[in-house]
Every structure is written in C-alpha cells, then in structure tokens.
Amino acid sequence: MNELIYLDNAATTKTSQPVVEAMLPYFSQYYGNPSSVYSFSGFGKEAIAKARGQIAHVLGANPEEIYFTAGGSEADNWAIIATAEAYQDKGKHIITSKIEHHAVLHTCQYLEKRGFEVTYLDVDENGTVDLEQLKESVRPDTILITIMFANNEIGTIQPVKEIGEIAREHGVLFHTDAVQAFCHIPIRVDELPIDMLSASGHKFNGPKGIGFLYIRKGIKTKSFIHGGAQERKRRAGTENLPGIVGIGKAAELAEETLKERQDKETGLRDYLIGRIMEEVPYVRLNGHRTNRLPNNVNLAFQFIEGESLLIMLDMAGICGSSGSACTSGSLDPSHVLLAIGLPHEIAHGSLRLTLSEENTIEEMDYVVEKIKGIVKRLRDMSPLYEDYLKSH
Ligand SMILES: *Cc1c(COP(=O)(O)O)cnc(C)c1O
C-alpha cells in the first residue's frame, strides 16, 4: 500500500506522466511564441490547435468555441462578468445558486456592487436546485443563469438539462461551472442546452494554471483580458503553451478511460460510504445518495470537529478535506453544508474524501479502520458526546 493515501482529488489531481511528457518539449525545444511569423513558431500554433480540438472532441463542441484561460476561476469570472457587460442593456438580473464555488459567488457579489441584482437559489437537503423556484425567479430583465454542473464539496449533480431548457424557453443565457464534472462524467454540449461552460486542467490530471471557457457560437461576449489578439481577441496574453498541450492531452486520455474510471470510482465510493455508515454511529451522508460525482464522499460525524479528524488522518498518511473553511482563516462552516440545512455543529464535523481511479479497496479498508478509531477517540474526549449519552 502507498505511504500516502491521497483522497483530495476535488482540490487538485496529480498531473499524469503522459501529460508531463507531452508538455516537456514545449518548454525548451518548441518554445517559439505562437504569434510570431517564422516557421519555428508553427510548432506552437499547431500544438494549440491540436489541444483545442482534443477538448472540443470530448465536449462535442467546435474547436473555435473553446477559449483557453488560466484556470477555472478565470473562466467563471469571464463568463459572468463579460455576459453582464454585453447584455446589460437587456437587463441586470442574474440567477445562481447558494452552493456555487466562490469563483462564481464572489463574482456575483462583485457585480451586485456595480448595480446588478442576483438571485441565489436554495437547494434541497441533497443539494439539488429547485426547478420550480428557478422558473419563478426568471424575470424579463434576467440575462444569465449560472449554476454548477456538480458540486465540489458534496458531489451533487444538478439537473443541467432541465435548467438549460428553462433558460432557453425564456431567452436567457446559461453558464455552468463544470470544473468538477468535466472529464469525470459525460458532458456533451451538442446534446445539452448549455451556452457557456468552465473547466480546469488540474481537476482531471492536467497541469495547474490552465483551463478553458466554452462559448457557444453566436453568443455575444466581451474580451476578458485586454491586449494582444490571442484567443480570437477575446483573451489576450502569450499562450501558456505547455499548459495548453497538457490540458489537451489530459482531456484526450480522460475521454479514453471515462467509463472504466467512472465504474471503478463509483465502486470504491459506495464501498467506503457503505462501510462507514454501517460501522460508525451518528454519521450522515452529505449530498445526493446516487446522483453524485463518482469520486465524492462527504460525511458528517456528530460530536466531533472535522479539523481534528483531518489532522489525525494526516498523521495516518491520509489526505482529506473538511467541510469548514478554517483553512481560509474563517471558522464558519461551509456555505454549501449550511445551504443543505446542516446545523453549524454538525457541519463542523464534516469530512470530504475525493477518490481517484488509482485508489484501491485495501486503501479504503485502511481508511475505514483509521476513521473508526479516530472518531471514537475524539468522541471519548467530547463533552458534547458525554452530555448526549447522559441524556439518552
Ligand atoms: C477548483 C474549482 C474551481 C476553480 O478552478 P481553478 O482552476 O483552481 O481556478 C472553480 N469551480 C469549481 C467547482 C472547482 O472545483
């Protein structure tokens, strides 16, 4: 068994070896600026065109609908801010959900300070948006619906097709943050009513600092980074050539293995959830039981602090993540866990484990044993647990 059991793939993934190898020549061999005229820069131009094609192929898009960015956050900012600017004559109302990634939520808040109005949709106890509430929220001045494909904390997959259909019926644009979903579950923009979609290389075994925004042909948008003519004058700046080659390669590899990875991860996920729910008392599963990302496990353990659990798991060589935002200097539990209705004290005891296809059943067994021991030890020290036992 590995010395390190990495179960934080929603935070980032390992750049796979074939991706690294595909990138290497573009650092010091084919380093020409793709915008230059001499033939030496042609290697870069060709590599970018190839990567754009690889991404478009997975997504069912046209290559010219793919715009490279410096990651998922930039793609989200671009989709929301540029749409707001381009369509503000039509209206200044945007609809999103309460469980979006901060790259979406904070961008919406930024626009609120600049005269836009934002509706934040509720989600049910599984983290699914309410389609009726969405329909009721659409107004004549609504210009954009931005709702994530799948949630990064609890893994719940949204009814994206239905959301897109509602957007179409009302002539409103639909953007989806698919950073957690792209290359993990099938997504085809030729089958789904999606107008814009964000994704990020480092969430599917590509490099960090590279992502893309898909913009359906015919949609009015504005340049996001001003300067040179790169990315059809929409996103200036010398291209991140090795990064672009890497994200293209990662998408190609992910496409080849999608089905087996999905099956393997779902198997490991359900095994881990099943064993913990059965063998540890006072635990609940956060997120939808079945309609969730294949690799996402999120559990709330009553009477303990997720942070303490994480530290003790770390000492056992296990990397996970908690449901609170302590790492960002705040003691508030995650906005996602509060939105699904968890009381603060239960949200604080949440643990997110996100798997990859490299994990094994033996690792899951080890993780279950460690969690059982640690949860018991932490509860034995917990005054809350003692009070609870006395009163029951
Ligand atoms: C990671 C993540 C992002 C941000 O992507 P970066 O490439 O790290 O900027 C945005 N949205 C979701 C859902 C994510 O999981």
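Because the structure is a prediction, the values reported are computed rather than measured.

(A) Spotlight on the overall build of the chain. Within the chain, the regular secondary structure consists of 13 helices and 13 strands. A compact globule built from 392 residues would reach a C-alpha radius of gyration of about 21 Å, and the chain, at 22 Å, matches this within 12%. With the C-alpha coordinates of the chain rotated into their principal frame, the extents come out at 75 × 50 × 35 Å. Within the chain, the proportion of its 392 residues that are buried is 56%. The long-range fraction of contacts in the chain, counting pairs at least 24 apart against all pairs at least 6 apart in sequence, stands at 72%. Total accessible area computed for the chain in this model is approximately 16,800 Å², and 52% of it derives from carbon and sulfur atoms. Averaged over its 40 positive side-chain charges, the chain has a centre that lies 4 Å from the centre of its 53 negative ones.

(B) Quick peek at empty space enclosed by the protein. In this structure the tally under the stated criterion is one cavity of 30 Å³ or more. In this structure, the largest cavity occupies an estimated 50 Å³ of space. Lining of the largest cavity is provided by Asn9, Thr13, His184, Asn205, Arg261, Glu265, Asn295, Leu355, Ser356 and Glu357.

(C) Spatial organisation of the environment of Pro25. Secondary-structure assignment places Pro25 in helix H2 (residues 25-28). Considered as a pair, Pro25 and Pro242 are 217 residues apart in the sequence and their alpha carbons are 8.1 Å apart.

(D) Molecular detail of the side chain of Thr96. Secondary-structure assignment places Thr96 in strand S3 (residues 93-97). Assessed through its relative accessible area of 0%, Thr96 is described here as buried. One polar contact links the side chain of Thr96 to the main-chain carbonyl oxygen of Thr146, over a distance of 2.8 Å. The residues contacting Thr96, other than those within four sequence positions of it, are Val104, Cys108, Val118, Thr119, Tyr120, Leu121, Thr146 and Ile147.

(E) Just the packing of aromatic side chains, in detail. Enumeration over the complete set of coordinates arrives at 13 aromatic pairs. Between Tyr67 and Trp78, the ring centres sit 5.6 Å apart and the planes meet at 70°, which makes this aromatic pair edge-to-face. Taken together, the positions of Tyr67 in strand S2 (residues 66-69) and Trp78 in helix H4 (residues 72-87) put the pair 11 residues apart, joining distant regions of the chain. With a centroid separation of 5.0 Å and an interplanar angle of 50°, the aromatic rings of Phe303 and Tyr385 are classed as tilted. Taken as a pair, Phe303 in the loop between strand S10 (296-301) and helix H9 (306-315) and Tyr385 in helix H13 (residues 383-391) lie far apart in primary sequence, 82 residues in all. Each member of the pair Phe303 and Tyr385 is classed as buried. Following the ring pairs from residue to residue traces out a cluster consisting of Tyr26, Tyr30, Tyr31, Phe40 and Phe43. The lysine or arginine in question, Lys220, covers the ring of Tyr87, its NZ or CZ lying 4.8 Å from the ring centre.

(F) View of the site of the ligand. The local shell around the ligand holds 13 residues, among which Ser73, Asp177, Gln180, Ser200 and Lys203 are the closest. Within the contact set of the ligand, an oxygen atom lies 2.6 Å away from a side-chain nitrogen or oxygen of Ser200. Residue Lys203 places a side-chain N or O atom 2.8 Å away from an oxygen atom belonging to the ligand. Alone, the ligand offers 380 Å² of accessible surface; in the complex the protein occludes 87% of this. If one sorts the elements of the shell around the ligand by residue count, H4 sits on top with three residues. Looking at side-chain class alone, the shell around the ligand contains two nonpolar, eight polar and three charged residues.

About the criteria used
- Residues numbered from 1 in each chain as written.
- Predicted model: local features only at pLDDT ≥ 70, side-chain atom pairs only at ≥ 80, totals over all residues.
- Heavy atoms only, no water.
- Helix = DSSP H or I, 4+ residues; strand = E, 2+ residues; numbered from the N terminus.
- Rg over C-alpha atoms; globule rule 2.2 N^0.38 Å.
- Buried < 20%, exposed > 50% of the residue type's maximum accessible area, 1.4 Å probe, protein only.
- Contact = heavy atoms within 4.5 Å.
- Areas by Shrake-Rupley, 256 points an atom, 1.4 Å probe, with all protein chains shown as cover.
- Lys, Arg positive; Asp, Glu negative; His and termini not counted.
- Charge placed at Lys NZ, Arg CZ, Asp CG, Glu CD.
- 1 Å grid on protein atoms, 1.4 Å probe; cavity = no way out; pocket = protein on both sides within 12 Å on 5 of 7 lines; lining within 4 Å.
- Points joined across faces, edges and corners; volume = space filled by probe spheres on them.
- Polar contact = N/O pair within 3.5 Å; in protein donor to acceptor, adjacent residues only side chain to side chain.
- Phe/Tyr/Trp six-rings, centres within 6.5 Å; stacked < 30°, edge-to-face > 60°.
- Lys NZ or Arg CZ within 6 Å of the ring centre and 35° of its normal.
- Near = heavy atom within 4 Å.
- Nonpolar A, V, L, I, M, F, W, Y, C, P; charged D, E, K, R; others polar.

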